[in-house]
There are 2 protein chains.
Amino acid sequence: MYARRAERLAPTLPPSAVTGTIGFDSGHAFPGVLPDLTREADVALTRYRAETLQYAPRAGLPDLREWIASYTTGVSVENILVTNGAKHALELVCRVLLDEYDPIIVTAPTYFSAIPIVRSFGATFIDVPQDASGLDVSALAAILGRLPRPPKFIYNVPDYHNPTGVTMPIERRQALIALAERYQIMLVEDSPYREVRFEGTPVPSLKSLGGDRVILLGTFAKLMAPGLRVGWAAAPAPFIARMAQLKTDAGSCPLTQRVILEFLAAGRLPQHIERVQATYRANRDHMMAALARELPEATYDRPHGGYYIWLTLPDGVSGDAVAACAAQQGVSIIAGSKFYANPGPTHHVRLAFSHASHEEIDDGVRRVAEAVRAVRQ
Amino acid sequence: MYARRAERLAPTLPPSAVTGTIGFDSGHAFPGVLPDLTREADVALTRYRAETLQYAPRAGLPDLREWIASYTTGVSVENILVTNGAKHALELVCRVLLDEYDPIIVTAPTYFSAIPIVRSFGATFIDVPQDASGLDVSALAAILGRLPRPPKFIYNVPDYHNPTGVTMPIERRQALIALAERYQIMLVEDSPYREVRFEGTPVPSLKSLGGDRVILLGTFAKLMAPGLRVGWAAAPAPFIARMAQLKTDAGSCPLTQRVILEFLAAGRLPQHIERVQATYRANRDHMMAALARELPEATYDRPHGGYYIWLTLPDGVSGDAVAACAAQQGVSIIAGSKFYANPGPTHHVRLAFSHASHEEIDDGVRRVAEAVRAVRQ
């Protein structure tokens, strides 16, 4: 079946489709929005060769730390650590804060790649429910009131949450920070999708509202390209110094840092962000239209940014079974169960609209709908 | 004093000298041997853009793993993990193997950057002495015979040891492997300088002699350029799989990996290694001549490769005091005490001849000699 479909679709679809597999699973960028960085690399490897091919400062190139500090409300350069992506920053936060059996707070569901990182330090998870405004702060207050000691940190994705797509309004953010202050718990704000905004205005970050109570994780993966592998943490200076001590990369790659700096210095970022927003907005709209047409029995909240739609399947339909069946139909999606740190609901799946073309979205959603119907029978 | 010297030397010296500081401390490359990688980056960012700007496989680009496997005797692709430098590989080895209070074996002295990485996992160090043939296997046998349980691993730099410069002959390597086999201890072979060889023929690696008993750490930092931040581990396949699980970078940077592959595919490596060897050989000879002239009271073994000379100072002269005094004279060296995991001898300093020009070597060794005489008085 793969081969037949692939043959039929090959002329209009990108290489991934040649094998018949449509990728709704990953957080890969849409190939058409990957920027041309040849000029930036050329400058980085000529004018800056003595910098880009030597060891770099462990905390990051000073110019890049300056830029990130100016991009982030309420911090300065000593609050910034450049890392090999935001997940690397989360690992370093865990290395500083966690001891074995420490509990941490996560939403249910939460970003599935954060789970094994935290778990590898022997920590345990306490789930907090979410609603259409994100993390349920009243529920968290009740949980904290019952705990014998406060958890080490609260991990959350407040902007275009992964996987649910919801964004916390400012009142909810303020309430969360007040609660974290009351119990003296650090807040880890993971915000890769903040600029991947389709409508509405940005809500102030937890970091800008909560100051030293918050460790912000950022990345150029969604601002520019995943392959650069450059992210950052913004945190109190002594915390950044401890994270830097635990970095074993002898400084993140100065070549990719300088490529980013040249891109920023050329003023290309605002235009690139507009292109990213327009591309993913159109992809979201296309996927929503396909879902309305092909799978009206599933429900979801319209995401105002990010890469994902979090589908609630009809009662009794297992997301794991749908994902397995969809894979056989040549479309990769991720079962909702993977997004729960502790066992949770099983009737969800996450669809990424970031990487696929419109044709793939149409075809892929049709196959997902077939998978749902096959599982229901 | 800094300013006056800097002014006098500025026309012939690299930028670091403009501030008056001569760098004998770091493992930076000589600026003149940093390769031109502009063509490689251009190809990586055009023909391979869909690869180099997206997430890469966690274990590394398959082509690069293939190349490393073919470069390494006795392994295949599933034995290779691409990392963000060799120290990152060491960290992952520690994460897999170490529990708090575990002892590991190191030479005294040992590579000083390995010490805090191992220590950050709560492990402890057992020192083994070295002689002109490297790690003293008889002494290690005596130590292992007395321990209640075997250490988790033996860490060593068998080729052009950092800091002492000694290389283990094959018989010594075979004896070490036999001992590790007898006690079922893993050997971690850190070998960044293997190709930075000035004379003689290479000795077979511990990995080629010891097979699955050995975890080899390699790097392109010394083969090509430190700033690329690409290294690797070669180990049994299940061990590599576990290391890959613990990698939090979502795959090492595919852009720098592809730049390296293009450099290798163009056949540039052999010629580049010749240039590296000629440059550092000349630097070593220049530093040895300067030491004979300026500081005949210090002794050292002639290194046949690598970046460093390990100076034994006259009796009663503290390496820490000499390093502090030399810093005031505008030359950075590292006190020998920093290379001991447990408190050790204090009458050594390490001089790196890799980064400095010949003029800087002459001037820097003169200043080190002045520092030694100032401390002696």
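Scroll up to find the structure this text is about.
Residues numbered from 1 in each chain as written. Chains lettered and ligands numbered in written order. Predicted model: local features only at pLDDT ≥ 70, side-chain atom pairs only at ≥ 80, totals over all residues. Heavy atoms only, no water.

Draft legend 1. Molecular detail of empty space enclosed by the protein. Summed over the entire model, instances satisfying the criterion amount to four cavities of 30 Å³ or more. What the largest cavity holds in volume is close to 110 Å³. For the largest cavity, the lining is made up of 17 residues, of which Asn84(A), Cys253(A), Asn84(B), Arg229(B) and Cys253(B) are closest to its centre. Of the residues contributing to the lining of the largest cavity, the split by class is five nonpolar, eight polar and four charged. Size it by volume and the second largest cavity reaches roughly 60 Å³. Taken together, Asn84(A), His88(A), Glu91(A), Thr248(A), Asp249(A), Asn84(B), His88(B), Glu91(B), Thr248(B) and Asp249(B) form the lining of the second largest cavity. When residues of the lining of the second largest cavity are traced back to their parent elements, those giving at least two are α6 (86–97) of chain A together with α6 (86–97) of chain B. Each residue belonging to the lining of the second largest cavity can be placed in one class, and the counts come to no nonpolar, six polar and four charged. (1 Å grid on protein atoms, 1.4 Å probe; cavity = no way out; pocket = protein on both sides within 12 Å on 5 of 7 lines; lining within 4 Å. Points joined across faces, edges and corners; volume = space filled by probe spheres on them. Nonpolar A, V, L, I, M, F, W, Y, C, P; charged D, E, K, R; others polar. Helix = DSSP H or I, 4+ residues; strand = E, 2+ residues; numbered from the N terminus.)

Draft legend 2. Seen up close, the sheet that holds strand β10 (residues 308–312) of chain A. Residue and element names in this part refer to chain A. Read from one edge of the open sheet, three strands run β10-β13-β12, paired in antiparallel fashion. Both outer strands of the open sheet, β10 and β12 (334–335), are each paired with one neighbouring strand and no more. Taken together, the five bridges between β10 and strand β13 (residues 348–352) define a ladder with antiparallel strand orientation. Directly across from Tyr308, in β13, lies its bridge partner Ala352. (Pairing = 2+ DSSP bridges.)

Draft legend 3. Local environment of the interface of chain B and chain A. Taken together, the contacts link 45 residues of chain B with 45 residues of chain A. For the chain B and chain A pair, buried surface summed over both sides reaches about 3,600 Å², with 61% attributable to carbon and sulfur atoms. Remark: the boundary between chain B and chain A carries four salt bridges. Put simply, Arg95(A) and Glu91(B) hold a salt bridge, and the shortest N to O gap is 3.5 Å. Applying the counting rule to chain B against chain A returns 15 residue pairs in polar contact (both at pLDDT 80 or more). Elements with a contribution of two residues or more to the side of chain B that touches chain A: α3 (38–46), α4 (49–52), α6 and α12 (254–265) of chain B. Class assignment of the residues belonging to the side of chain B that touches chain A gives a composition of 21 nonpolar, 15 polar and nine charged. (Contact = heavy atoms within 4.5 Å. Buried area = accessible area lost by both parts, 1.4 Å probe. Salt bridge = Lys/Arg side-chain N within 4 Å of Asp/Glu carboxyl O. Polar contact = N/O pair within 3.5 Å; in protein donor to acceptor, adjacent residues only side chain to side chain.)

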